[in-house]
Amino acid sequence: MSKRKWQPMPIMIMAQTILRERLGGFGAEMINCSKQREQLLELIKCTAITSECNSALLIGPRGSGKTTILKSILQELDQIKEVKNNLLQVHLNGLVQRDDRTALKEIARQINLENTLGDHVFGSFSETLTFLLEALKSGGKSSVSILFVIEEFDLFAQHKNQTLLYNLFDISQSAQTPICVLGLTCRLDVIELLEKRVKSRFSHRQIHLCMTLSFKDYIEVFCLTLNLPTSFPDKKFAKAWNYHVK
């Protein structure tokens, strides 16, 4: 007698899908950081809509929600047509891009300008980066806004001469191209790692995330993450599920 293969109910699959999305970093609500989130949201929105140049550091211990908050903000902005059509994103990570040359190639790849570089010979790192940003201009003065997200920002501060950071902050300060440079780090002393010339071009805007949750707050976070929404189609199933979560 052959055994029938067990298959999950469609309603269970729906519940699993919702939980996977949340646990993957999307849709989870953050507690005690609405002010920081609003600051970050406005910063990126200003760059995308009004072509304002900005730079900031998002500082907090590992697990404090830096990446989660940023992902939720970018997901929200993606729903705004005016932002979506006028904002390019470049994501760098100090654990992956171990030197500035590698980072520059990754920037070219993410903004789809690898072929534009071609066989051009540039005299300096600054010339190469400027050339890439100039290539994004459409019809002269109009430029698409670019968001540079630099995770493990402190590791980039260890690169020789901090060339990438210097050029990005210099461009954001001179308003040559509308860019927003956002660094994520867990080091509180990250500013002290910057060279004087880099520090002078940084806006010194710092957004701090602190893990100040009490045990009650943690329980609330778990419930928000694991509870099924009120819009779940099977109300009886959702009510029983949420009861067992508590």
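Our subject in this report is the structure included herewith. This structure is a prediction, so every number in the text was calculated from the model and none was measured. (Residues numbered from 1 in each chain as written. Predicted model: local features only at pLDDT ≥ 70, side-chain atom pairs only at ≥ 80, totals over all residues. Heavy atoms only, no water.)

## Some thoughts on the overall build of the protein chain
- Along its length, the protein chain carries 12 helices and five strands.
- For the protein chain, with 246 residues in total, the buried portion stands at 41%.
- Counting contacts in the protein chain only where the partners sit at least 6 residues apart, residues at least 24 apart contribute 76% of the total.
- Accessible area of the protein chain: about 14500 Å², with a carbon and sulfur share of 53%. (Helix = DSSP H or I, 4+ residues; strand = E, 2+ residues; numbered from the N terminus. Buried < 20%, exposed > 50% of the residue type's maximum accessible area, 1.4 Å probe, protein only. Contact = heavy atoms within 4.5 Å. Areas by Shrake-Rupley, 256 points an atom, 1.4 Å probe, with all protein chains shown as cover.)

## Comments concerning the packing of aromatic side chains
- Going through the model one piece at a time under the given rule, you end up with four aromatic pairs.
- Residues F169 and F202 carry aromatic rings whose centres are separated by 5.1 Å and whose planes lie at 40 degrees to one another, so their mutual orientation is tilted. Here F169, found in helix α9 (residues 163-174), pairs with F202, found in the loop between α10 (196-199) and β5 (206-208); they are 33 residues apart in sequence, far enough to count as distant.
- Given the relative accessible area of 4%, F202 is considered buried.
- Measuring from centroid to centroid gives 5.9 Å for F237 and W241, while their planes differ by 35 degrees, and the two rings are tilted. With F237 and W241 both in helix α12 (residues 235-245) and four residues apart, this pair spans about one turn of that helix.
- Feature note: the residues F153, F169 and F202 constitute an aromatic cluster, connected by ring pairs.
- Directly above the aromatic system of Y166 lies the positively charged group of R197, at a separation of 4.2 Å from the ring centroid. (Phe/Tyr/Trp six-rings, centres within 6.5 Å; stacked < 30°, edge-to-face > 60°. Lys NZ or Arg CZ within 6 Å of the ring centre and 35° of its normal.)

## Points about the sheet that holds strand β1 (residues 54-59)
- The strand order across the open sheet formed by five strands is β2-β3-β4-β1-β5, and the pairing between neighbours is parallel. In this open sheet, the two strands that pair with only one neighbour each are β2 (87-93) and β5. Pairs of neighbouring strands in the sheet enclose a mean axial angle of 15 degrees, with direction left out of account.
- Both β1 and strand β4 (residues 179-185) contribute to a ladder of six bridges, which runs parallel. Bridge assignment links S55 to a residue of β4, and that residue is V181.
- Lying on the sheet, helix α2 (residues 34-50) is in contact with β1, β2, β3 (145-151), β4 and β5; it crosses β1 at an angle near 155 degrees.
- Running over the sheet, helix α5 (residues 100-110) touches β2 and β3 and is turned about 150 degrees from β2. (Pairing = 2+ DSSP bridges. Axes fitted to C-alpha atoms, helices over the stretch in contact; angles between N-to-C directions.)

## Side note on the pairing of β4
- Burial within β4 is extensive, with seven of its seven residues counted as buried.
- Neither face of β4 is open: one carries I179, V181, G183 and T185, the other C180, L182 and L184, and all of them are buried.
- Across six bridges, the pairing between β3 and β4 is parallel. Of the residues in β4, the one forming a bridge with F148 is V181.

## Description of unusual backbone geometry
- Even without being a glycine, N161 presents a positive backbone phi close to 60 degrees.
- Of note in this structure, H204 is not a glycine but carries a positive phi near 65 degrees.

## Things to note about a nonpolar patch on the surface
- A cluster of nonpolar side chains, L23, M211, F215, Y218, I219, F222 and L226, forms an exposed patch at the surface whose accessible area comes to about 740 Å².
- Counting through the fold element by element, F222 comes out in helix α11 (residues 215-226). (Patch = residues over 30% accessible without salt bridge, like charges linked within 9 Å, V, L, I, M, F, W, Y side chains within 5 Å. Salt bridge = Lys/Arg side-chain N within 4 Å of Asp/Glu carboxyl O.)

## A look at the pairing of β1
- With six of its six residues buried, β1 lies for the most part within the structure.
- Residues N54, A56 and L58 line one face of β1 and the alternating positions S55, L57 and I59 line the opposite face, and both faces are buried.
- When β1 meets β5, the two strands line up parallel, connected through three bridges. Across the sheet, residue I59 finds its bridge partner in β5, namely H208.

## What about the pattern of salt bridges?
- Per the stated rule, a full pass over the model turns up six salt bridges.
- Note that D189 is salt-bridged to R187, the shortest N-O span being 2.9 Å.
- Since its relative accessible area comes to 34%, D189 is described here as partly exposed.

## A closer look at the environment of S51
- Its place among the elements puts S51 in the loop between α2 and β1.
- For S51, a relative accessible area of 38% puts it in the partly exposed group.
- Between the C-alpha atoms of S51 and I179, which are 128 residues apart in sequence, the distance is 7.6 Å.

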